[in-house]
Amino acid sequence: MASTIVNMPLNVGTIKGLDCLSHGKFNANVLPIRPSISSLPHRHMFVVKASTNDGPIKKLGMSDAECEAAVVAGNIPEAPPVPPIPASPAGTPVVTSVDIKRRPRRNRRSPVLRSAFQETSLSPANFVYPLFIHEGEEDTPIGAMPGCYRLGWRHGLVEEVAKARDVGVNSIVLFPKVPDALKSPTGDEAYNDNGLVPRTIRLLKDKYPDLIIYTDVALDPYSSDGHDGIVREDGVIMNDETVHQLCKQAVSQARAGADVVSPSDMMDGRVGAIRSALDAEGFQHVSIMSYTAKYASSFYGPFREALDSNPRFGDKKTYQMNPANYREALIELRADESEGADILLVKPGLPYLDVVRLLRDNSPLPIAAYQVSGEYSMIKAGGVLKMIDEQKVMLESLMCLRRAGADIILTYFALQAARCLCGEK
Ligand code: PBG
């Protein structure tokens, strides 16, 4: 949402982000109004109560009623006396004030001013929650991603989605852990209409029709080679043949009820081909979120452990972008725009803020940023080791992705961060 008009009582303001949250005095006043207004259209609106309830404020020794009566009688109260300057520590140098016209600190001096001038906001509506699923009944912890699980598609997943919806996160993206027996060089399981992903989509849509389901379009979870495309004998990843498979995968996901298919494979021309394939099957309403600038990054390590999808040989550098490149993202942007992408994604997130900003400034399309597994795990590890404040760093990193220009953020922190934004722990 680009701008919001909200009708609220005067002493109430929307939480715009870090300042309100990190300000100890304000924190106590955060009111999650969600439960009591669940029937209203603005269901997920989070408010801050800006005044305290410590009784009437003393004004010039008069009560509120006296003050009002004085004003009605035309006796406007005098301005309060200039308060004495609080004491400085012993040894503070005595100086004549510096003659500077511009003192940017004036606009930062109180919580009210800071929140009035805050340029970026962070809300659960901005999050897309990536969830790992498997055929099993149990939820299996992922070693390299504390707090993340391979969720049983029938139970654990449905519960996790319910928890997320409860705090305003109503968008998810699914990543399947596929048993080795179903993997093959051409990844045909990717378009099995009764495969894990289509089955899960049908289950979720049946339970939560308004849930927005993003899917991953790429062969790696289904490829016995662990690559996003079909691998030729000489190790070359075949482009057009892979695109053919991706189209079938996207159509199968759309048929199951996916709202947004998200090609993360980085083959050339896949967005246009997928658009035509979807349209030919009557899925004009299904969106494409293209991984426009996806870099060959080492920050994906924990994800590949989660899905057991490490490439069997080599790396992904012939299709994913070189982390050293910036201008090249514009080439991908132009291709994806002209091929009909609805959302453009940058991945990883925090180390690539310049690329998020580049896309933001060069396209009117919504921009997504993916805070990937390695970014998540580093914050978690730093928190566990007490080297950083996990919660504050989490919220700051998400706010920074928004500031750089991301409309939506794919983040494993979606549930945890939304709970913080709602005033829950
Ligand atoms: C592959 C895919 C990857 C991620 C999402 N989709 C890994 C890869 O390209 O090897 C990584 C996400 C993460 O690290 O959180 N199609």
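Each value, and the rule that gives it
Residues numbered from 1 in each chain as written. Predicted model: local features only at pLDDT ≥ 70, side-chain atom pairs only at ≥ 80, totals over all residues. Heavy atoms only, no water. UniProt positions renumbered as here; feature names shortened; annotations may be inferred. Pairing = 2+ DSSP bridges. Helix = DSSP H or I, 4+ residues; strand = E, 2+ residues; numbered from the N terminus. Near = heavy atom within 4 Å. Polar contact = N/O pair within 3.5 Å; in protein donor to acceptor, adjacent residues only side chain to side chain. Areas by Shrake-Rupley, 256 points an atom, 1.4 Å probe, with all protein chains shown as cover. 1 Å grid on protein atoms, 1.4 Å probe; cavity = no way out; pocket = protein on both sides within 12 Å on 5 of 7 lines; lining within 4 Å. Sits in = over half its atoms within 2 Å of the grid points. Nonpolar A, V, L, I, M, F, W, Y, C, P; charged D, E, K, R; others polar. Contact = heavy atoms within 4.5 Å. Points joined across faces, edges and corners; volume = space filled by probe spheres on them.

As annotated in an unreviewed UniProt entry, the protein chain carries the name Delta-aminolevulinic acid dehydratase and comes from Ambrosia artemisiifolia. Per UniProt, the comment on the protein chain under Subunit (unreviewed entry) is "Homooctamer." Recorded in UniProt for the protein chain, the comment headed Catalytic activity (unreviewed entry) runs: "2 5-aminolevulinate = porphobilinogen + 2 H2O + H(+)".

Peer 1: Mind showing me how you'd approach the pairing of strand β6 (residues 149-152) here?
Peer 2: Looking along a regular strand, one sees side chains alternate from face to face of the sheet. By the bridge criterion, 3 bridges tie strand β4 (residues 127-134) to β6 in an arrangement that is parallel. Counterpart to Phe132 in the pairing with β6 is Arg150. Judged from the 2 bridges that link them, strand β5 (residues 140-141) and β6 form a sheet pairing that is antiparallel. Note that in β6 the partner of Pro141 across the bridge is Tyr149.

Peer 1: Could you clarify how one ought to interpret the site of the ligand in this entry?
Peer 2: The environment of the ligand is made up of 18 residues, and the closest members are Arg304, Lys316, Lys347, Ser373 and Tyr412. Separating an oxygen atom of the ligand from a side-chain N or O atom of Lys294 is a distance of 2.8 Å. With respect to the ligand, the side chain of Ser373 contributes an N or O atom lying 2.7 Å from an oxygen atom. For the ligand, the accessible surface in isolation is 400 Å², of which the surrounding protein chains cover 100%. Structurally, the ligand is housed in the largest cavity. In terms of residue class, the shell around the ligand is made up of 8 nonpolar, 3 polar and 7 charged.

Peer 1: Could you clarify how one ought to interpret the environment of Phe127 in this entry?
Peer 2: Positionally, Phe127 belongs in strand β4. The sequence separation of Phe127 and Ser171 amounts to 44 residues, and the corresponding C-alpha distance is 7.0 Å. Those residues within four positions of Phe127 in sequence are excluded, and the remaining contacts are Leu122, Val169, Ser171, Leu398, Ile409, Thr411, Ala414, Ala417, Ala418 and Leu421.

Peer 1: What is the right way to read empty space enclosed by the protein from this model?
Peer 2: Vacant regions in the atomic arrangement are exposed by a probe of water-molecule size rolled over the atoms. Overall, the coordinates contain 2 cavities of 30 Å³ or more when judged by the stated rule. When its volume is computed, the largest cavity comes out at roughly 130 Å³. If you trace the largest cavity, you find 15 residues lining it, with Asp220, Lys294, Tyr300, Phe303 and Lys347 closest to the centre. At the level of elements, β12 (287-294) and α9 (301-307) are the ones that each hand at least two residues to the lining of the largest cavity. The calculated volume of the second largest cavity comes to roughly 70 Å³. If you go around the second largest cavity, you meet 13 residues; those closest to its centre are Val178, Glu189, Gly195, Leu196 and Tyr222. Broken down by element, the residue count for the lining of the second largest cavity peaks at 3 residues, all from helix α6 (residues 196-207). Of the residues belonging to the lining of the second largest cavity, the class tally is 9 nonpolar, 1 polar and 3 charged.

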